[in-house]
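The primary structure of each chain is shown beneath.
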Amino acid sequence: MSLTEARFHDLVDATQQNLEDVFDESGLDLDIENSAGVLTVKFENGTQLIFSRQEPLRQLWLAARSGGFHFDYDEEEQRWSCDTSDELLSEMLKRFTLEQAGVELDFDEI
């Protein structure tokens, strides 16, 4: 069963807020901007993570230094997973922040 539009927006809003909280509490020197459904995290070294909602597809998209990734929400498991690799968003973010910022953060609650 696909997500309703309202449920999708609620999930993305909650996910983006949780991401902001993790980054805010990390102590990293970074800039966070959330505008029009797009969350941008800019690291001190100039690299970025960009999270955007793709409403027609009901997906959360992530652009990172290593590429672009699309995530579907699994209602049963209550988590975002990559539509091509099935890797969890939390696992990818842990790897990307280590690669891009040199710090391992805990995204298990995402």
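Look up: the structure comes first, before these words.
Let me begin by describing the structure that accompanies this report. Given the structure is predicted, the values throughout are model-derived calculations rather than measurements.

**Things to note about the pairing of strand β6 (residues 79–82)**
- Relative to β6, strand β5 (residues 67–74) runs antiparallel, the two sharing four bridges. Looking at the pairing, Asp72 lines up with Ser81 of β6.
- The turn joining β5 and β6, which pair antiparallel and follow one another in sequence, is formed by four residues; a positive phi near 55° is taken by Gln78.

**Things to note about the side chain of Thr15**
- With respect to the helices and strands, the residue Thr15 is situated in helix α1 (residues 5–25).
- With residues up to four places along the chain from it excluded, the contact list for Thr15 reads Leu60, Trp80, Leu89 and Ile110.

**Looking at the pattern of salt bridges**
- One pass over the structure, following the stated rule, counts five salt bridges.
- Notably, a salt bridge pairs Glu75 with Arg7, separated by 2.9 Å at the nearest N-O pair. In this pair, Glu75 is assigned in the loop between β5 and β6 and Arg7 in helix α1, connecting sequence segments 68 residues apart.
- A cluster of three or more residues bridged by salt bridges with shared partners is formed by Glu87, Arg95 and Glu99.

Procedures and definitions
Residues numbered from 1 in each chain as written. Predicted model: local features only at pLDDT ≥ 70, side-chain atom pairs only at ≥ 80, totals over all residues. Heavy atoms only, no water. Pairing = 2+ DSSP bridges. Helix = DSSP H or I, 4+ residues; strand = E, 2+ residues; numbered from the N terminus. Contact = heavy atoms within 4.5 Å. Salt bridge = Lys/Arg side-chain N within 4 Å of Asp/Glu carboxyl O.

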